[in-house]
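Chain by chain, the residues:
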Amino acid sequence: MGERDGAEIFRAENLTRRYRDGGRDVLALDGIDIRLERGQRLGIVGESGSGKSTLVRLLAGLDRPTSGRVWFDGTEITDLPEKRLGFLRASVQMVFQDPRSSLNPRMRVGEIITEPLRSRLVRRQLADGVDHARRLAEVLAAVDLPPDAGTRYPHEFSGGQRQRIAIARALAPHPEVLIADEPVSALDVSVRAQVLNLLTDLVAARGLTLVVVSHDLLVVRHLCDQLAVMRSGRIVERGETSEVYSHPQTDYTRTLLDSVPRIRTSGR
Amino acid sequence: MKRAQLFAGLALVALVVVTAVVSLFWTPFDPIRVVPGQRLLGPGWPHLLGTDGFGIDIASRLMVGARTVLTVGIISVGLAAVVGVPLGMLAGQNGGWVDEVVMRVGDVVYAFPALLLAILLASVFGASTVTAMVAIGVASIPAFARVARAGTLQVMASDFVLAARASGTSRWGIARRHVLPNIAPVVGVQASVGFALAILAEAALSYLGLATPRPTPTWGNMLRDAQQFLFVAPLQALWPGLAIALAVLGFNLLGDGLRDYLDPRLREVP
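These numbers were taken from a predicted model, which means no experiment stands behind them.

Description of the overall build of chain B
Next, step 1: From N to C terminus, chain B includes nine helices and zero strands.
Next, step 2: Order of helices (α) and strands (β) in chain B, N terminus to C terminus: α-α-α-α-α-α-α-α-α.
Next, step 3: Once the C-alpha set of chain B is aligned to its principal axes, its extents read approximately 75 × 50 × 30 Å.
Next, step 4: Counting only residues that meet the buried cut, chain B has 48% of its 270 residues in that class.
Next, step 5: Nonlocal contacts in chain B, meaning residues at least 24 apart in sequence, comprise 69% of its contacts between residues at least 6 apart.
Next, step 6: As presented, chain B carries roughly 13,300 Å² of accessible surface, and 72% of it is formed by carbon and sulfur atoms.
Next, step 7: Placing the 18 positive and 13 negative side-chain charges of chain B at their respective mean positions leaves the two points 5 Å apart.

This is the structure in structure tokens:
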């Protein structure tokens, strides 16, 4: 774990995000306040349309709030122009749901993984002379992919392997925060556990701060020590994962928890 | 079946290309020199397709005409792609007022009759192959811009562009590394279809005397020359007409075949 554990890394105040969807006005976020400390592993759960993905995109600086403010590492990023977001781009990386869509089919895996190292914005934040080939070999090893994977194209890999490629790309610039938006829900059930374990190990080994968005409570329970439950653009419950599980405070959380199928171990 | 379409297109296109290349080194007879004693011969030997009203071998003129077809096609499609694709990408990547301005100007150019532009250019600079290429090229820009914009919008909505943004990749980097390689196939299809349209347009313009002037043979002005003998020697109009039809068909088949070949959703299940 890093020495600065416990320091605030993300803070958001009264975030709202409104957008128009085919003439309909949608309020995706409705006054969110959230705080995250370095080294915490936060799971955000909720039904589809509850605003989970919108929230993490605002945190990652990929979208702008309609109102409210966001801080990363003590610096307000709400209205910073893209060219001054270098520190955020180097420190916060994302893993998306479907690796078929998150990996450019026309780029070689090596180019995909080193893309974060090649952007001028991120390069300025990194130590001088990052050796791309060496970094590529390091992260490929970290996600258990063969060393020659870099010369191939994404379609030559299975779904689970492709998600490993996406994770390797996220690790390439040595980020402090990993944001994973439904990281295993597009994968075969048989490889979900592998990818989840890989994420758990990587986060522990590198002392990463983790934000996981999922509709699957089992995934979040596996990965996270903190839990936020979202519903219609609001956070309805927030706390330690174990605490929320044992003493849910709202009916909505209880309903969500009850919807998880359980395997009965005792006979009738 | 789809494969057959692609190969038929390729074969016809190859025929045009080979003919044009061969004509650079060899034609059965001089394609320009008038031979008064041999006017309006029917198909036979040694003039396989006969001779025209000036006594010139039609087969030789057709061969040389293939050159003009390719030149006009390549230059006008190239012009349209080089201008239209970046504009379409610009519109698609930026959205908002940039998109609005680019596409509305495109609409205006699209609505402006290419023929009028060709007449305008021909009257200012004198009708030539160049004025025809510019007129056809400019008229084809909006089609390329639209195709590129639609493809760009699709690519920009993908997660790999979001990941690239999260990695600090600049707009330019996204355009170069992500958008362009992914829209290249649809642009290629548009180029092939655009090529067919350019051939047809060039034939129409030189038929009207708004493109390559005589004595350089083109399929369009051969058709015009044949017109006055339509009742005496109807076959004369058939040959250039057939050449135009086959070339247009070839590039269209190639375009459709490429589209099906490159789009896995349309690929036949084996």
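As for the sheet that holds strand S4 (residues 67-72) of chain A
Next, step 1: On the basis of which strands lie adjacent, the open sheet formed by four strands has the order S2-S1-S4-S5 (chain A) and antiparallel pairing. Each end of this open sheet is capped by a strand with a single partner; those strands are strand S2 (24-37) and strand S5 (75-76) of chain A.

Observations regarding helix H6 (residues 132-142) of chain A
All names here are of chain A.
Next, step 1: Considered for burial, the residues of H6 that qualify are Arg-135, Leu-136, Val-139, Leu-140 and Ala-142. Down the axis of H6, the smallest arc covering the buried residues is 155°, so these residues share one side. Opposite the packed face of H6, turned more than 90 degrees from it, sit the exposed residues Ala-133, Arg-134 and Ala-141.
Next, step 2: Against helix H4 (109-118), helix H7 (159-171) and helix H8 (189-206) lie the buried residues of H6.
Next, step 3: One side-chain oxygen at the N-terminal end of H6 lies 3.1 Å from the backbone nitrogen of Ala-133; it belongs to Asp-131.
Next, step 4: A positive phi of about 60° marks Asp-144, the residue just after H6.

Examining the sheet that holds strand S3 (residues 41-45) of chain A
All names here are of chain A.
Next, step 1: The strand order across the open sheet formed by six strands is S6-S7-S8-S3-S9-S10, and the pairing between neighbours is mixed. Strand pairing shows two members of the sheet lacking a second neighbour, strand S6 (92-95) and strand S10 (234-240), which therefore form its edges. When the angles between neighbouring strand axes are averaged without regard to direction, this sheet yields 15°.
Next, step 2: Both S3 and strand S8 (residues 209-214) contribute to a ladder of five bridges, which runs parallel. Its bridge partner lying in S8, Val-45 is registered against Ser-214.
Next, step 3: Each of S3, strand S9 (226-231) and S10 touches helix H11 (residues 251-258); the most contacted strand, S9, lies at about 105° to it.

Some points on the pattern of salt bridges
Next, step 1: Under the definition given, this model contains 27 salt bridges over all chains.
Next, step 2: In this structure, Asp107(B) and Arg146(B) form a salt bridge, with 2.9 Å as the shortest nitrogen-oxygen distance. Of this pair, Asp107(B) sits in helix H3 (residues 96-111) while Arg146(B) sits in helix H5 (residues 129-156), placing them 39 residues apart in sequence.
Next, step 3: Note on Asp107(B): relative accessible area 28%, which makes it partly exposed.
Next, step 4: Each of the salt bridges in this network shares a partner with another, and the network as a whole consists of Glu8(A), Arg11(A), Glu13(A), Arg35(A) and Glu37(A).

Observations concerning the interface of chain A and chain B
Next, step 1: Contacts between the two partners involve 22 residues from chain A, matched on the other side by 16 residues from chain B.
Next, step 2: For the pair chain A and chain B, the two sides together bury roughly 1,700 Å², of which 52% comes from carbon and sulfur.
Next, step 3: Summed over the shared surface of chain A and chain B, the result is one salt bridge.
Next, step 4: At the junction of chain A and chain B, the tally comes to 13 residue pairs in polar contact (both at pLDDT 80 or more).
Next, step 5: Mapped by element, the contributors of at least two residues to the side of chain A that touches chain B are S6, helix H3 (99-102), H4 and helix H5 (120-123) of chain A.
Next, step 6: Counting residues per element, the side of chain A that touches chain B draws most heavily on H4(A), at three residues.

Describing the pairing of S9(A)
Residues and elements named next belong to chain A.
Next, step 1: Of all six residues that make up S9, five are buried, and the element is covered over most of its length.
Next, step 2: Taken together, the four bridges between S3 and S9 define a ladder with parallel strand orientation. In the sheet register, Leu-42 faces S9, and the bridge partner there is Gln-226.
Next, step 3: Of the pairings in the sheet, the one linking S9 to S10 comprises six bridges and is antiparallel in character. Of the residues in S10, the one forming a bridge with Gln-226 is Glu-240.
Next, step 4: Between the antiparallel neighbours S9 and S10 lie two residues, among them Ser-232 with a positive phi of about 40°.

Quick notes on the packing of aromatic side chains
Next, step 1: Going through the model one piece at a time under the given rule, you end up with three aromatic pairs over all chains.
Next, step 2: Measuring from centroid to centroid gives 5.1 Å for Phe10(A) and Phe72(A), while their planes differ by 50°, and the two rings are tilted. Of this pair, Phe10(A) sits in strand S1 (residues 8-21) while Phe72(A) is found in strand S4, placing the two residues 62 residues apart along the sequence. The pair formed by Phe10(A) and Phe72(A) is uniform in burial state, with each residue classed as buried.
Next, step 3: Ring centres of Phe72(A) and Phe87(A) lie 6.0 Å apart, and the angle between their planes is 35°; this geometry places the pair in the tilted category. With Phe72(A) in strand S4 and Phe87(A) in helix H2 (residues 86-91), the pair connects residues that are 15 residues apart, well separated along the chain.
Next, step 4: Taken together, Phe10(A), Phe72(A) and Phe87(A) form an aromatic cluster joined through their ring pairs.
Next, step 5: Between Arg221(A) and the ring centre of Tyr245(A), over which it is positioned, the NZ or CZ distance is 4.3 Å.
Next, step 6: Directly above the aromatic system of Tyr110(B) lies the positively charged group of Arg146(B), at a separation of 4.4 Å from the ring centroid.

Looking at the nonpolar core
Next, step 1: Within the largest apolar cluster, 52 residues are counted, with the highest numbers of intra-cluster contacts made by Ile113(A), Val143(A), Ile165(A), Ile167(A) and Leu223(A).
Next, step 2: Those residues within four positions of Ile165(A) in sequence are excluded, and the remaining contacts are Leu103(A), Val109(A), Ile112(A), Ile113(A), Leu145(A) and Phe157(A).
Next, step 3: Ranked by size, the runner-up nonpolar core spans 39 residues in total, among them Leu70(B), Phe160(B), Ala175(B) and Ile244(B).

Calculation notes
- Residues numbered from 1 in each chain as written.
- Chains lettered and ligands numbered in written order.
- Predicted model: local features only at pLDDT ≥ 70, side-chain atom pairs only at ≥ 80, totals over all residues.
- Heavy atoms only, no water.
- Helix = DSSP H or I, 4+ residues; strand = E, 2+ residues; numbered from the N terminus.
- Buried < 20%, exposed > 50% of the residue type's maximum accessible area, 1.4 Å probe, protein only.
- Contact = heavy atoms within 4.5 Å.
- Areas by Shrake-Rupley, 256 points an atom, 1.4 Å probe, with all protein chains shown as cover.
- Lys, Arg positive; Asp, Glu negative; His and termini not counted.
- Charge placed at Lys NZ, Arg CZ, Asp CG, Glu CD.
- Pairing = 2+ DSSP bridges.
- Arc of directions from axis to C-beta.
- Polar contact = N/O pair within 3.5 Å; in protein donor to acceptor, adjacent residues only side chain to side chain.
- Axes fitted to C-alpha atoms, helices over the stretch in contact; angles between N-to-C directions.
- Salt bridge = Lys/Arg side-chain N within 4 Å of Asp/Glu carboxyl O.
- Buried area = accessible area lost by both parts, 1.4 Å probe.
- Phe/Tyr/Trp six-rings, centres within 6.5 Å; stacked < 30°, edge-to-face > 60°.
- Lys NZ or Arg CZ within 6 Å of the ring centre and 35° of its normal.
- Core = buried A, V, L, I, M, F, W, Y, C linked by side-chain atoms within 4.5 Å.

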